[in-house]
Amino acid sequence: MITTLALALTITLTSVNTPLVCPVMGGPAKAGGTTVEYEGATYSFCCPGCDTAFAKDPDKYIKEQAKAGKTTGEFLFDPISNQRIKPDKAKASMDYNGIRYYFYSEDNLEAFKKDPKKMSATPEKESMTCAVMGSKIASYSKASGYMDYKNVRYYFCCASCTPAMAKDPDKYAGKDLQKPQAITLTN
């Protein structure tokens, strides 16, 4: 038990101290510049122009840096609770396949560790329109959470929409589906 706790703490501290890199160039990412959100994660860059290159083919750059063992993005949601999380509110974190994941609890981290490939999988399609309220969601960072249903990730405008869809997903599913898009944000 103590060894497991020490290992979890080491993983958390190690991943928090691992610097994020520019997904295009692989060097240190600079905070405060243009960011791109893609598949629920946010990416920062080393210099102007990298964001444009990344937005054209995000999967290519994410895979290249992950293969090199570098962390390029931060997932904006606890992948166990599916709720929006800010890094300063996280009780744990872990880097996996080039992405940093934050967790509301150590238990959520442990659940993620049991099958990180499954827990980090992204459906083929998504909806950036709240399936319950019908409001457009401007970016992943504006969503309160998400729910995966029939290979689609539905993002929600507020926390009360999640249980409504969970109660009767067929009632709300199938609206405004698209392939994941890169969303560029200027700070």
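Please refer to the structure higher up on the page.
Predicted model, so just to flag it, every value in this text is computed and none were measured.

1. Some words on the overall build of the protein
Helix and strand counts for the protein stand at seven helices and nine strands. By the compact-globule yardstick of 16 Å for 187 residues, the protein fits well, its C-alpha radius of gyration being 16 Å. C-alpha atoms of the protein, sized along the principal axes, occupy 50 × 45 × 25 Å. Considering only intrachain contacts with a sequence separation of at least 6, the fraction spanning at least 24 residues in the protein is 59%. As presented, the protein carries roughly 9,900 Å² of accessible surface, and 56% of it is formed by carbon and sulfur atoms. Side chains of the protein give 24 positive and 20 negative charges; the mean places of these two sets differ by 2 Å.

2. Some remarks on the pattern of salt bridges
Close approach of charged atoms lets side chains of opposite charge pair. Counting across every chain of the model gives five salt bridges. Here Arg-100 and Asp-95 are joined by a salt bridge, their closest N and O atoms 2.7 Å apart. Taking the relative accessible area as the measure of exposure, Asp-95 reaches 22% and is therefore partly exposed. The salt bridge partner of Asp-170 is Lys-150, with a shortest N-O separation of 3.4 Å. One end of the pair, Asp-170, is in helix H7 (residues 169-172); the other, Lys-150, is in the loop between strand E7 (145-149) and strand E8 (152-156), with 20 residues separating them in the sequence. Residue class for Lys-150 comes out exposed when judged on its relative accessible area of 63%.

3. Thoughts on the sheet that holds strand E9 (residues 183-185)
Taking strand neighbours across the sheet as the criterion, the six strands line up as E4-E5-E3-E2-E1-E9 in an open arrangement whose pairing is mixed. The sheet is open, and its two borders are formed by strand E4 (92-96) and E9, each paired with just one other strand. Within the sheet, the average angular offset between the axes of one strand and its neighbour, ignoring direction, is 25 degrees. Both strand E1 (residues 30-38) and strand E2 (residues 41-45) contribute to a ladder of five bridges, which runs antiparallel. Within the sheet, the bridge partner assigned to Val-36 lies in E2 and is Tyr-43. Its contacts with the sheet place helix H4 (residues 106-114) against E4 and strand E5 (99-103), and it is angled at close to 20 degrees to E4.

4. Structural notes on the environment of Gly-134
When you line up the elements, Gly-134 lands in the loop between strand E6 (125-127) and E7. A sequence separation of 41 residues divides Gly-134 from Lys-175, and the C-alpha atoms of the two residues are 8.7 Å apart.

5. Brief notes about the side chain of Thr-162
As for its placement among the helices and strands, Thr-162 is situated in helix H6 (residues 161-167). Looking at Thr-162, the relative accessible area reads 14%, which means it is buried.

6. Remarks on helix H3 (residues 58-67)
For H3, the full list of buried residues reads Pro-58, Tyr-61, Ile-62, Gln-65 and Ala-66. All buried residues of H3 project into a common sector of 130 degrees when viewed along the axis, lining one side. Turned more than 90 degrees away from the buried face of H3, the exposed residues are Lys-63 and Lys-67. Packed against the buried residues of H3 are E1, E2, helix H2 (50-56) and E5. Positive phi appears at Gly-69, one or two residues downstream of H3, with a value of about 80 degrees.

What counts, and at which threshold
- Residues numbered from 1 in each chain as written.
- Predicted model: local features only at pLDDT ≥ 70, side-chain atom pairs only at ≥ 80, totals over all residues.
- Heavy atoms only, no water.
- Helix = DSSP H or I, 4+ residues; strand = E, 2+ residues; numbered from the N terminus.
- Rg over C-alpha atoms; globule rule 2.2 N^0.38 Å.
- Contact = heavy atoms within 4.5 Å.
- Areas by Shrake-Rupley, 256 points an atom, 1.4 Å probe, with all protein chains shown as cover.
- Lys, Arg positive; Asp, Glu negative; His and termini not counted.
- Charge placed at Lys NZ, Arg CZ, Asp CG, Glu CD.
- Salt bridge = Lys/Arg side-chain N within 4 Å of Asp/Glu carboxyl O.
- Buried < 20%, exposed > 50% of the residue type's maximum accessible area, 1.4 Å probe, protein only.
- Pairing = 2+ DSSP bridges.
- Axes fitted to C-alpha atoms, helices over the stretch in contact; angles between N-to-C directions.
- Arc of directions from axis to C-beta.

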